[in-house]
Amino acid sequence: MSGFRPRLAPTLFTIPVLLICVALAVWQLQRLQWKRALIAERNAAVAASPVPAPRSLAEARALEFHPVTDDGVFLHDKEIYLNAIGPRGDAGFHVFTPLREEIGRIVFVNRGFVPVERRDPATRAAGQSTGPVHVRGLLRLPPDKRPGWFLPDNRSDLNYWFWIDLSAMAAADRLSPAEVAPFYIDADATPNPGGWPQGGMTPLDLPNNHLQYAITWFSLAAALVVIYVVYHWRERGAA
């Protein structure tokens, strides 16, 4: 490297780009630790013993993805249909049914998936229980707003929903917002009479590609250094 003299323009370009690549790689390593902790937390929540459905939003926030139980009567005439893809990739809906507890509170329950041809409750009458039921599933919190700009607006007038908005669902069902719980329950895979809806559809896997991203950014940084050195080595040789 004797006589190696970096040129100004390549150096002014290389240094900030190199710092950006290294910073992004370090950030991805930090994200990796965060994601691993989040996955461990969710796995522990799902594996916990069931507890009764909470009474407040504060309690619910501490129990997201925990198994909970609840008792009440389903209001099948107020079903809400959320667009969904089934376990075999078929189009259909998640059936959200209000559960009226003995104390009068309403908890929306995602009873599970039905294909398009089973949207009409008459096609799955066996699963429309009329008496008291015992529900078990994972506690979920709704998003604060539409999860992504690419999602269409909910069509409450058509009972055609693309994302979970409990307040709007309650209004569409003509339920008082004060009596509707600020969380919902994803029913577990316990079979319903007649086989529909199919519960246990909660997506639990969290993608974790941060290590690959970190390696990519570190590799780009290393490649940039190699190109920088080779460029100046050839420049020196041509001088």
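As shown above, the structure is provided for reference.
A brief structural summary. (Residues numbered from 1 in each chain as written. Predicted model: local features only at pLDDT ≥ 70, side-chain atom pairs only at ≥ 80, totals over all residues. Heavy atoms only, no water.)

With that out of the way, let us pick up the overall build of the protein. Within the protein, the regular secondary structure consists of 4 helices and 7 strands. Computed over its C-alpha atoms, the radius of gyration of the protein comes to 27 Å, more than 25% above the 18 Å expected for a compact globule of 239 residues. Overall, the C-alpha framework of the protein stretches about 90 × 35 × 30 Å when taken along its three principal axes. Residues counted as buried form 37% of the 239 residues belonging to the protein. Accessible surface computed for the protein: about 13,900 Å², of which carbon and sulfur atoms make up 61%. Here the protein contributes 24 positively and 22 negatively charged side chains, and the mean placements of these two sets differ by 12 Å. (Helix = DSSP H or I, 4+ residues; strand = E, 2+ residues; numbered from the N terminus. Rg over C-alpha atoms; globule rule 2.2 N^0.38 Å. Buried < 20%, exposed > 50% of the residue type's maximum accessible area, 1.4 Å probe, protein only. Areas by Shrake-Rupley, 256 points an atom, 1.4 Å probe, with all protein chains shown as cover. Lys, Arg positive; Asp, Glu negative; His and termini not counted. Charge placed at Lys NZ, Arg CZ, Asp CG, Glu CD.)

Mapped onto the elements of the fold, Arg 136 is located in strand β6 (residues 133-140). Owing to a relative accessible area of 41%, Arg 136 belongs among the partly exposed residues under this scheme. Arg 136 sits 53 residues away from Ala 189 along the chain, and the two C-alpha atoms are 9.1 Å apart.

As enumerated under the stated definition, the model contains 5 aromatic pairs in all. Ring geometry for Phe 93 against Tyr 160: centres 5.9 Å apart, planes inclined by 75°, an arrangement best described as edge-to-face. With Phe 93 in strand β4 (residues 91-100) and Tyr 160 in the loop between β6 and α3 (166-172), this pair connects stretches of sequence that are 67 residues apart. Its relative accessible area of 4% is what places Phe 93 among the buried residues. Centroid distance Phe 96 to Tyr 184: 5.5 Å. Interplanar angle 55°. Geometry classified as tilted. Taken together, the residues Phe 96 in strand β4 and Tyr 184 in strand β7 (residues 180-187) connect sequence positions 88 residues apart. (Phe/Tyr/Trp six-rings, centres within 6.5 Å; stacked < 30°, edge-to-face > 60°.)

Okay, the pairing of β6 next. Most of β6 is tucked away: 6 of the 8 residues are buried. Bridging between strand β2 (residues 67-74) and β6 involves 6 bridges; their strand directions are antiparallel. Bridged to Asp 70 within β6 is Val 135. Inspection of the sheet shows β6 paired to β7 by 4 bridges, in the antiparallel sense. The partner of Leu 138 across the bridge, within β7, is Asp 186. (Pairing = 2+ DSSP bridges.)

Put simply, the largest pocket is a space of about 410 Å³. Taken together, 13 residues form the lining of the largest pocket, with Arg 140, Leu 141, Pro 142, Pro 143 and Pro 147 sitting closest to its centre. Tallied by class, the residues present in the lining of the largest pocket amount to 10 nonpolar, 1 polar and 2 charged. (1 Å grid on protein atoms, 1.4 Å probe; cavity = no way out; pocket = protein on both sides within 12 Å on 5 of 7 lines; lining within 4 Å. Points joined across faces, edges and corners; volume = space filled by probe spheres on them. Nonpolar A, V, L, I, M, F, W, Y, C, P; charged D, E, K, R; others polar.)

To continue, consider the side chain of His 210. Note on placement: His 210 falls in helix α4 (residues 210-238). Its relative accessible area of 7% is what places His 210 among the buried residues. Beyond its immediate chain neighbours, meaning those up to four positions away, His 210 contacts Gln 28, Arg 31, Leu 32 and Lys 35. (Contact = heavy atoms within 4.5 Å.)

Turning to a nonpolar patch on the surface, a few remarks are in order. A cluster of nonpolar residues, Val 22, Val 26, Leu 29, Leu 211, Ile 215 and Phe 218, forms a patch on the protein surface that exposes about 450 Å² of accessible area. Where the nonpolar patch is concerned, the elements lending two or more residues are α1 (8-46) and α4. Relative to the helices and strands, Val 22 is located in helix α1. A relative accessible area of 33% places Val 22 in the partly exposed class. (Patch = residues over 30% accessible without salt bridge, like charges linked within 9 Å, V, L, I, M, F, W, Y side chains within 5 Å. Salt bridge = Lys/Arg side-chain N within 4 Å of Asp/Glu carboxyl O.)

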